[in-house]
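Survey of secondary and tertiary structure
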Amino acid sequence: MKKLFQNNKELSLIGKWIHCENIKPLLLLHDKSYQINQIGKSFLNKPIYHIILGNGPIKILIWTQMHGNEATATKVVFDLLNVFKNPNSPQKVKAILKFCTIKIIPILNPDGALAYTRVNAQQIDLNRDATTLMAPESKLLRHTLNEFQPDFCFNLHDQRNIYSVAQTKEPASISFLSPATEPSRKLTAERLKSMAIISSMFQAVKSDIPKNVSRYNDEFYPNATGDNFQKDGFCTILIEAGHFKDDYNREKVRYYYFKSLLTGLLSISTNTFATIDIYKDIPENDTNYLDIIINNVLLDSKNVSIGILYIEELKDNQLIRIPTIEKIGDLSTYGANTFIDAKNIVIDSENNLNSLFKFIN
Ligand SMILES: [Zn+2]
């Protein structure tokens, strides 16, 4: 599958800041191969599109970037568009479009994508707007769901670098969730189906990155999109791209995400699923990871470690990472992308902590 990815990777979409202007030329390019239409507008009147692939009886709805600053899945769906129209792609992959009709909404939140924010232009988190439908983007997604009546939904996200696989020091590079439909987390028919699909996807990526795949705790969120869609009988699968060692552009994890999503589609189209016991054994997410840990800092004569997280911001049309202090103390149980030895640098008070940033290039 690695070769399939490499041969079809959409090279015009790279990095973490992906917005409508980036995908416009691709929509024109793919217009001859797939049915592409504008289906609505964002709060600030940016176009929102759907792309329809295949004509089979199984209906699959996929949306990306309901959180504007989570672009890995958008890159991956364009990789898949290249796969499906490539004459050299394997038959079993192409057969997906015989068995399924796939409707993709790339960049559901174009205003958030352009501004690189989680929320839309009204400051609404679309993934907490499933019952109130205050945002035009949430209304559009719900309308699409009601009209299309999909058999399966893929709700595609990115997660912050803080997420680890359980209490390990490993980042959660791919995380899954079969959302709950009520506080008791009852195993409905839809949940069981989505757990089975996730089990298949988990097995596929686990072979590449055995220590970096996890699942979310299935606590019920009454106003979350996936929880509500699943509650209303639409089998929903959530995938999150997370951090992978030195992968600040989410380009390495892009492949594992591609593999997960394609495995999910293959599993649905061939009606072959792994056992849900696998889902139950997937380790849960924790928040045990930092971008940088600076060890051996003498702060008020105590040896401490300083945990740094990057905050991302747009500046002069560039995405920049600003290091900020997240934790101070004994961080020996934490994992990090980078460890730095401050060699007993003396810091007199917290006010001088900024001098530590000279260690970070
Ligand atoms: Zn998200």
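If you're wondering where the values come from, they're calculated on a predicted model, not measured in any experiment. (Residues numbered from 1 in each chain as written. Predicted model: local features only at pLDDT ≥ 70, side-chain atom pairs only at ≥ 80, totals over all residues. Heavy atoms only, no water.)

Points about the sheet that holds strand S12 (residues 302-315)
As a reminder, the rule being used: By the convention used here, strands pair only if DSSP detects at least 2 bridges between them. Strands are runs of DSSP state E lasting at least 2 residues, helices are runs of H or I lasting at least 4, and numbering of each runs from the N terminus. For every element, the axis is a line fit to its C-alpha atoms; helices are fit only across the contacting stretch, and the angle between N-to-C directions ranges from 0 to 180 degrees.
On the basis of which strands lie adjacent, the open sheet formed by 4 strands has the order S13-S12-S11-S14 and mixed pairing. Of all strands in the sheet, those with a lone pairing partner are strand S13 (318-329) and strand S14 (335-347), marking the two edges. Averaged over all adjacent pairs, the angle separating strand axes in this sheet is 25°, with direction ignored. Of the pairings in the sheet, the one linking strand S11 (residues 289-299) to S12 comprises 6 bridges and is antiparallel in character. Across the sheet, the residue bridging to Leu299 is Lys302, located in S12.

Quick notes on the domain arrangement of the protein
What counts is decided by this rule: Note that the domain bounds were set by an automatic or database domain assignment. Two residues qualify as a contact provided that any one of their heavy atoms is within 4.5 Å of a heavy atom in the partner residue. The term buried area means the drop in 1.4 Å probe accessible area that two parts suffer when joined, counted for both and summed. When a carboxyl oxygen of Asp or Glu lies within 4 Å of a side-chain nitrogen of Lys or Arg, that pair is called a salt bridge. Between N or O atoms, a polar contact is any pair within 3.5 Å; within protein, one atom must be a potential hydrogen donor and the other a potential acceptor, and residues adjacent in sequence are included only when both atoms are from side chains.
The domains assigned to the protein are domain 1 (2-286) and domain 2 (289-359). Between the C-alpha centres of domain 1 and domain 2 there is a distance of 33 Å. In this assembly, 18 residues from domain 1 lie in contact with 15 residues from domain 2. Around 1400 Å² of area is buried between domain 1 and domain 2 when both sides are counted, 55% of it from carbon and sulfur atoms. Three residues stand out in domain 1 for area buried against domain 2, namely Trp17, Lys169 and Tyr248, and they jointly supply 45% of the buried area on that side. Our count for the contact surface shared by domain 1 and domain 2 stands at 1 salt bridge. Counting every contact that joins domain 1 to domain 2 gives 9 residue pairs in polar contact (both at pLDDT 80 or more).

Focus: the packing of helix H3 (residues 72-85) against helix H10 (residues 252-269)
What counts is decided by this rule: Here the angle decides the label: under 35 degrees means roughly parallel, over 145 means roughly antiparallel, 65 to 115 means roughly perpendicular, and every other value means oblique. Helix crossings fall into two classes, left-handed where the near helix is turned counterclockwise from the far one by less than a right angle and right-handed where it is turned clockwise. Residues are grouped as follows: Ala, Val, Leu, Ile, Met, Phe, Trp, Tyr, Cys and Pro are nonpolar; Asp, Glu, Lys and Arg are charged; every other residue, Gly included, is polar.
Running from N to C, H3 and H10 point in directions that differ by 60°, and their axes come no closer than 9 Å. By the angle class used here, H3 and H10 are oblique. When the axes of H3 and H10 are compared, the crossing they make is right-handed. Counted together, Thr72, Ala73, Lys75, Val76, Val77, Asp79, Leu80, Val83 and Phe84 of H3 and Val253, Arg254, Tyr257, Phe258, Leu261, Leu262 and Leu265 of H10 form the full contact between these two elements. Residues that form the contact of H3 with H10 fall into these classes: 12 nonpolar, 1 polar and 3 charged.

Here we look at the side chain of Asp218
Heads up, the condition is: Think of it in three bands: residues with accessible area under 20% of the maximum for their type are buried, residues over 50% are exposed, and the middle band is partly exposed, with areas taken using a 1.4 Å probe on protein chains only.
Structurally, Asp218 can be placed in the loop between strand S8 (213-215) and helix H9 (225-231). Note on Asp218: relative accessible area 11%, which makes it buried. Side chain to side chain, Asp218 and Arg185 meet in a polar contact 3.0 Å long. Excluding anything up to four places from it in sequence, Asp218 contacts Leu177, Ser178, Ala180, Arg185 and Arg191.

As for the packing of helix H8 (residues 189-206) against H10
At a minimum axis separation of 8 Å, H8 and H10 run at an interaxial angle of 135°. One finds that H8 runs oblique with respect to H10. In the packing of H8 onto H10, the handedness of the crossing is right-handed. Across the interface between the two elements, Ile197, Ser200, Met201, Ala204 and Val205 of H8 pack against Tyr256, Lys259, Ser260, Leu261, Thr263, Gly264, Ser267 and Ile268 of H10. Along the lines of polarity and charge, the residues of the contact of H8 with H10 split into 7 nonpolar, 5 polar and 1 charged.

A closer look at the coordination of the zinc ion
So the rule is basically this: Distances up to 2.8 Å from the metal define which N, O and S atoms are donors, and 3.2 Å serves for Na, K and Ca; water is absent from the atom set, so sites may look incomplete. A four-donor site is classed as tetrahedral when every donor-metal-donor angle falls between 85 and 135 degrees; four donors are called square planar, and six octahedral, when trans pairs exceed 155 degrees and all remaining angles lie between 65 and 115, with any other arrangement labelled irregular.
Protein coordination of the zinc ion is provided by His67 (ND1), Glu70 (OE), Glu70 (OE) and His157 (ND1), with donor distances spanning 2.0 to 2.6 Å. Each of the 4 donor atoms around the zinc ion contributes to a set of angles spanning 55 to 151°, which defines the coordination as irregular. The sequence pattern describing where the donors of the zinc ion fall on their chain is H-x2-E-x86-H. Pair check on accessibility: His67 and Glu70 agree, each one buried.

A short note on the pattern of salt bridges
According to the stated counting rule, one finds 16 salt bridges in the structure shown. In this structure, Arg254 engages Glu251 in a salt bridge whose closest nitrogen and oxygen atoms are separated by 3.0 Å. The structure contains a network of salt bridges with shared partners spanning Lys9, Lys75, Asp79, Glu251 and Arg254.

Description of the sheet that holds strand S1 (residues 35-41)
Picture the strands of a sheet paired through backbone hydrogen bonds; they go either parallel or antiparallel. Spatially, 8 strands are ordered S1-S2-S4-S3-S5-S9-S7-S8 in an open sheet, and the strand pairing comes out mixed. Single-partner strands in this sheet number two, and they are S1 and S8. The mean inter-strand angle of the sheet, taken between neighbouring strand axes irrespective of direction, is 20°. Of the strand pairs in this sheet, strand S3 (residues 58-63) and strand S5 (residues 152-158) are connected by 4 bridges, and their pairing is parallel. When the sheet's bridge partners are listed, Leu61 is paired in S5 with Cys153. Running at roughly 40° to strand S2 (residues 47-53), H3 makes contact with S2, S3, strand S4 (100-105), S5 and strand S9 (235-241) of the sheet.

Topic: the packing of aromatic side chains
Aromatic ring pairs are described here by two measures, namely the spacing of the ring centres and the angle between the planes. The line we're drawing: In this scheme Phe, Tyr and Trp rings, the latter by its six-membered ring, pair at centre separations within 6.5 Å, and the angle between planes marks the pair as stacked below 30 degrees, edge-to-face above 60, and tilted otherwise.
For the coordinates displayed, the defined rule picks out 7 aromatic pairs. For the pair Phe5 and Tyr255, a centre-to-centre distance of 5.3 Å together with 55° between the ring planes defines the contact as tilted. Of this pair, Phe5 sits in helix H1 (residues 2-8) while Tyr255 sits in helix H10, placing them 250 residues apart in sequence. Exposure remark for Phe5: the relative accessible area of 5% places this residue in the buried category. Between Tyr163 and Tyr216, the aromatic rings sit 5.6 Å apart at their centres with planes inclined by 65°, giving edge-to-face as the arrangement.

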